[in-house]
Amino acid sequence: MAQRAAAHDAEGSFPAEDFAQLRAAGLLGFLVPERLGGMGRSFADYAALAHELGRGNGATALILNMHSSITGVLALTPDEVAEELGATEEYFDRRDEILREAAEGRLYSVAMSERGSGARLSAMSTAYTVEPDGFHIKGSKSFVSGSAAADGFLVAARRAGEREPVISQFLVPAGEGVTVRETWDSMGMRATGSHDVDFDVHVPAGALLGGVEGLALLATEIAPQWMVASYAAVYVGVARAAVDAAVAHAGERNLRGLANVRSRIGRADAAVSAAYATVMEAARRVDAGDPEAPRWVWRAKLVAGDTAAEVAASMLEAAGASATRRGSPAERLYRDARCGALQPATSDVCADWLGVAALGGDPYRDGTGPRW
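What counts and how
- Residues numbered from 1 in each chain as written.
- Predicted model: local features only at pLDDT ≥ 70, side-chain atom pairs only at ≥ 80, totals over all residues.
- Heavy atoms only, no water.
- Pairing = 2+ DSSP bridges.
- Helix = DSSP H or I, 4+ residues; strand = E, 2+ residues; numbered from the N terminus.
- Buried < 20%, exposed > 50% of the residue type's maximum accessible area, 1.4 Å probe, protein only.
- Core = buried A, V, L, I, M, F, W, Y, C linked by side-chain atoms within 4.5 Å.
- Contact = heavy atoms within 4.5 Å.
- Polar contact = N/O pair within 3.5 Å; in protein donor to acceptor, adjacent residues only side chain to side chain.
- Expected span 1.5 Å × (residues − 1).
- Axes fitted to C-alpha atoms, helices over the stretch in contact; angles between N-to-C directions.
- Parallel < 35°, antiparallel > 145°, perpendicular 65-115°, else oblique.
- Left-handed = near helix turned anticlockwise from the far one by under 90°.
- Nonpolar A, V, L, I, M, F, W, Y, C, P; charged D, E, K, R; others polar.
- Salt bridge = Lys/Arg side-chain N within 4 Å of Asp/Glu carboxyl O.
- Disulfide = S-S within 2.5 Å.
- Phe/Tyr/Trp six-rings, centres within 6.5 Å; stacked < 30°, edge-to-face > 60°.
- Lys NZ or Arg CZ within 6 Å of the ring centre and 35° of its normal.

### Overview of the pairing of strand 7 (residues 195–204)
Reasoning step 1: Across 9 bridges, strand 3 (residues 134–144) lies against strand 7 in antiparallel orientation. Counterpart to S140 in the pairing with strand 7 is D198.
Reasoning step 2: Looking at chain direction, strand 6 (residues 178–181) and strand 7 are connected through 4 bridges and run antiparallel. Its bridge partner being in strand 7, V180 is matched across the sheet by V197.

Structure below.
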């Protein structure tokens, strides 16, 4: 994957060979229970996997992350929690069907963000109406990673006509009523193919995730790891790759004798290791059901995003001007790493959340505005 990353970045092309390998290895079913044909792994296992894939190609790891955030929330939400939220028997049958298809190689993409409102679910314009045999969804989404190759989309939409936002999520198959507009031309993560997608589609009742309307905002509080920090490990992997690239460059250019280069690499190594430890501690607490896990999740996203940007910038400076040429590993990794702090929840939002919590407030409702 690392060998192919530069070409996909330059072309802005979907890493199809990477996903052929991921399918062959069964990694689209990494979080799917074994009884449904998957590997049955934990959130901490996934964080370790995302980190390693991020070292190879951050864009590939990010696309897989969107898929895994869907399979993960379905597979790792305990049945009793789903029942408390109102899930019906039909929901569990549909959940198992979705997970089984993922284990067989079906790729899912997340369609949450919109132009003008970003990832703030409460401010979205995509709407749905309830119909006798299901729902009609209409609206446009942006930053839909892997959209051109996706078999289905997790679409967030608000119920039309409601004063207070009722935000629900639907699993919508690719095909009629779903139009991918190839708009993605970004500074970093160019191979994610995060195009705009238009939806004007009817879906059956079983497409409603959880089988209950209005769960999307609640899910950001009870399982923040999927919305906030599932891709934190990806960016730590990108940061580690930046260190690896600087080490290789220093050897090729005979820079090992420079104390400033060595000290930059040493600091970067420590920073990336600390960020990885933070991410894995958050994942461990999530798996254990620790009440402190949400705070660690927000810490992990903040630390991962900021560390990736700072380390990649420092490694570019350590490598010198020659590493800034387009196509240099250090240059590409710098652009990819810079995206981490910008992805929701952004570093500023994470820091504000943590500050409100530290001061004894409600971090979901206090502060400058709604988190989602």
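### What about the environment of L342?
Reasoning step 1: Tracing the chain through its elements places L342 in the loop between helix 12 (329–338) and helix 13 (347–358).
Reasoning step 2: The class for L342 is exposed, based on a relative accessible area of 55%.
Reasoning step 3: Expressed as a C-alpha distance, the spacing of L342 and G305, which sit 37 residues apart in the sequence, is 7.7 Å.

### A word on the nonpolar core
Reasoning step 1: Membership of the largest hydrophobic core comes to 95 residues, with the highest contact counts inside it found for L121, V279, W298 and M315.
Reasoning step 2: Element by element, the count of residues in this core is highest for helix 9 (residues 232–252), at 13 residues.
Reasoning step 3: Counting 18 residues, the second largest nonpolar core, distinct from the first, contains A111, Y128, F153 and A207.

### Thoughts on the side chain of H67
Reasoning step 1: On the secondary structure map, H67 appears in helix 4 (residues 58–76).
Reasoning step 2: Excluding residues within four positions of it along the chain, H67 makes contact with L28, A102, R106, L107 and Y108.

### Comments concerning the environment of K301
Reasoning step 1: With respect to the helices and strands, the residue K301 is situated in helix 11 (residues 293–319).
Reasoning step 2: Through-space distance from the C-alpha of K301 to that of A345 is 7.5 Å; in sequence the pair is 44 residues apart.
Reasoning step 3: Setting aside its immediate chain neighbours within four residues, K301 contacts V228, A229, Y231, A232, G340, A341, Q343, P344, A345, T346 and C350.
Reasoning step 4: Of the polar contacts made by the side chain of K301, one reaches the backbone oxygen of G340; its length is 2.8 Å.

### A word on helix 13
Each full turn of the α-helix corresponds to 3.6 residues, which orients residues three or four apart in the same direction.
Reasoning step 1: Look at helix 13: 16 Å from first C-alpha to last across 12 residues, which is about the 16 Å you get at 1.5 Å a residue.
Reasoning step 2: For helix 13, the set of buried residues is S347, C350, W353, L354, V356 and A357.
Reasoning step 3: Buried positions along helix 13 lie against helix 11.
Reasoning step 4: Once helix 13 ends, the next one or two residues include G360, with phi positive near 90°.

### A word on the packing of helix 9 against helix 12
Reasoning step 1: Their axes nearest at 9 Å, the elements helix 9 and helix 12 cross at an angle of 160°. Relative to helix 12, the element helix 9 lies roughly antiparallel. Here the hand of the crossing between helix 9 and helix 12 comes out left-handed. Counted together, Y235, V238, A241, A242 and A245 of helix 9 and P329, A330, L333, D336 and A337 of helix 12 form the full contact between these two elements.
Reasoning step 2: Broken down by class, the residue content of the contact of helix 9 with helix 12 amounts to 9 nonpolar, no polar and 1 charged.

### Examining the pattern of salt bridges
Reasoning step 1: Within the structure shown, the criterion is met by 27 salt bridges.
Reasoning step 2: Note that R95 and D79 form a salt bridge whose closest N and O atoms lie 2.7 Å from each other. Of this pair, R95 sits in helix 6 (residues 89–103) while D79 sits in helix 5 (residues 79–84), and the two are 16 residues apart along the sequence.
Reasoning step 3: Taking the relative accessible area as the measure of exposure, R95 reaches 7% and is therefore buried.
Reasoning step 4: On the basis of relative accessible area, D79 is assigned to the partly exposed category, the value being 35%.
Reasoning step 5: Between E101 and R106 there is a salt bridge whose closest N-O contact spans 3.6 Å.
Reasoning step 6: Overlapping salt bridges bring together D9, R326, E331 and R335 as one network.

### A word on the packing of helix 9 against helix 10 (residues 259–288)
Reasoning step 1: Packing of helix 9 against helix 10 leaves a shortest axis separation of 10 Å and a crossing angle of 160°. Between helix 9 and helix 10, the crossing angle belongs to the class labelled roughly antiparallel. The handedness of the crossing between helix 9 and helix 10 comes out as left-handed. Of helix 10, the residues touching helix 9 (which contributes A232, A233, V236, A239, R240, V243, A246, V247 and A250) are V261, I265, A268, D269, V272, S273, A275, Y276 and V279.

### Focus: the state of the cysteines
Reasoning step 1: Overall, the coordinates contain 0 disulfides when judged by the stated rule.
Reasoning step 2: Considering cysteine sulfurs only, C350 is the nearest to C339, which forms no disulfide, with 16 Å between them.
Reasoning step 3: Residue classification places C339 among the buried positions, given a relative accessible area of 14%.

### Focus on the packing of aromatic side chains
Reasoning step 1: Under the definition given, this model contains 11 aromatic pairs.
Reasoning step 2: Ring geometry for W353 and Y364: centres 5.6 Å apart, planes at 80°, overall edge-to-face. Taken together, the positions of W353 in helix 13 and Y364 in the segment after helix 13 put the pair 11 residues apart, joining distant regions of the chain. For the pair W353 and Y364, a shared accessibility class is recorded, and that class is buried.
Reasoning step 3: Sitting over the ring of W296, R299 keeps its end group 4.9 Å from the ring centre.

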